[in-house]
Amino acid sequence: MEMIRLEAPPELDMPIGEAMFTQRAIRRLDPMRPISDVHLKILLDAASKAPSGGNRQPARFLVVRNRDRIREFGKLYHEAWWAKRRDDYGWTGKEDIPPGSVYEMPSRLADEMADAPVIVLALSTGVQQFAHSVFPPVQNLLLAARALGIGSVLTTLHPQVMERVYAMFGIPAEAEFHCCIPLGYPRGRFGSTRRLPSSETTSWERWNERPPWA
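Residues numbered from 1 in each chain as written. Predicted model: local features only at pLDDT ≥ 70, side-chain atom pairs only at ≥ 80, totals over all residues. Heavy atoms only, no water.

> A description of the packing of aromatic side chains should follow, citing residues and the corresponding values.
By convention here, two paired aromatic rings are described through the distance between centres and the angle between planes. As enumerated under the stated definition, the model contains seven aromatic pairs in all. Measuring from ring centre to ring centre gives 4.9 Å for tryptophan 81 and tryptophan 82, while their planes differ by 80 degrees; the resulting arrangement is edge-to-face. Its relative accessible area of 11% is what places tryptophan 82 among the buried residues. For the pair tyrosine 89 and tryptophan 91, a centre-to-centre distance of 4.7 Å together with 25 degrees between the ring planes defines the contact as stacked. (Phe/Tyr/Trp six-rings, centres within 6.5 Å; stacked < 30°, edge-to-face > 60°. Buried < 20%, exposed > 50% of the residue type's maximum accessible area, 1.4 Å probe, protein only.)

Have a look at this one:
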């Protein structure tokens, strides 16, 4: 397969620092604002520019825009989300989620996935389907989405629904699923997020030796 050179599109003019430090999980997406083919191509081009082991480029992206397909997938995602909560916590409905839980917003995404303007499934093909060669392209896609003002969030599925997802989209058995990315313009705002300080997550020279800025 012939490889081509891609130049940075003028639309991606946001400083990389701003994109990285204002990117956040956007789970409330505007179902009434479509994403153009031009912008989707920019996202996928950005993903293709990420590094991969041996430049094998195993990452593959399946873009879903058909409303009926997205609604059908949304039902499977809802089932998968609650299957994961059932396995981890024994929860079966919203009444089981403790008040103030970090799962309140994700549960809303489970309800609203069927209304997402676009859904992207990240997969890999080939002999060596390493996740470390898929998630750099995924992060490029997420950062490009932020630069274009498009909301996104990385999420996963549950084994309970995978056979049906593969059948729904005609995905070959040899392709490996890695994550799901709903896309849409946000109902809400981008902005800074709260994270552990790097002084707490970084060791210097030896494990648990603190860095100079600690």
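> Can you explain the packing of helix 3 (residues 67–89) against helix 6 (residues 159–169)? Please cite residues and give values.
In contact at an axis separation of 9 Å, helix 3 and helix 6 are set at 165 degrees when each is read in the N-to-C sense. With respect to each other, helix 3 and helix 6 are oriented roughly antiparallel. Pair helix 3 / helix 6 crosses with left-handed handedness. When helix 3 is examined against helix 6, the residues Arg69, Glu72, Phe73, Leu76, Glu79, Ala80, Ala83 and Arg86 are found in contact with a partner set consisting of Gln160, Val161, Arg164, Val165, Met168 and Phe169. (Axes fitted to C-alpha atoms, helices over the stretch in contact; angles between N-to-C directions. Helix = DSSP H or I, 4+ residues; strand = E, 2+ residues; numbered from the N terminus. Parallel < 35°, antiparallel > 145°, perpendicular 65-115°, else oblique. Left-handed = near helix turned anticlockwise from the far one by under 90°. Contact = heavy atoms within 4.5 Å.)

> How would you explain the sheet that holds strand 1 (residues 59–64) if you had to name every residue and give the values?
One open sheet accounts for four strands, arranged 1-2-4-3; its pairing is antiparallel. Both outer strands of the open sheet, strand 1 and strand 3 (151–152), are each paired with one neighbouring strand and no more. With two bridges connecting them, strand 3 and strand 4 (residues 176–184) associate as antiparallel partners. When the bridges of strand 4 are listed, serine 152 appears paired with leucine 183. Here helix 3 sits on the sheet and contacts strand 1, strand 2 (118–124) and strand 4; the angle it forms with strand 2, its principal contact strand, is near 70 degrees. (Pairing = 2+ DSSP bridges.)

> Explain the side chain of arginine 85 to me, using residue names and the numbers behind them.
Positionally, arginine 85 belongs in helix 3. It is aspartate 88 that comes nearest to the buried, bridge-free arginine 85 among opposite-charge side chains, at 4.5 Å. Residues contacting arginine 85, with those up to four places away along its chain left out, are Gly90, Trp91 and Tyr103. (Lys, Arg positive; Asp, Glu negative; His and termini not counted. Salt bridge = Lys/Arg side-chain N within 4 Å of Asp/Glu carboxyl O.)

> Explain unusual backbone geometry to me, using residue names and the numbers behind them.
With phi around 55 degrees, asparagine 55 is a residue other than glycine that occupies positive phi space. For asparagine 55, the position within the fold is in the loop between helix 2 (37–48) and strand 1. Of the residues examined, asparagine 55 reaches a relative accessible area of 45% and is grouped as partly exposed. Positive phi is not limited to glycine here, since glutamine 57 has a value of about 50 degrees. Counting through the fold element by element, glutamine 57 comes out in the loop between helix 2 and strand 1. For glutamine 57, a relative accessible area of 29% puts it in the partly exposed group.

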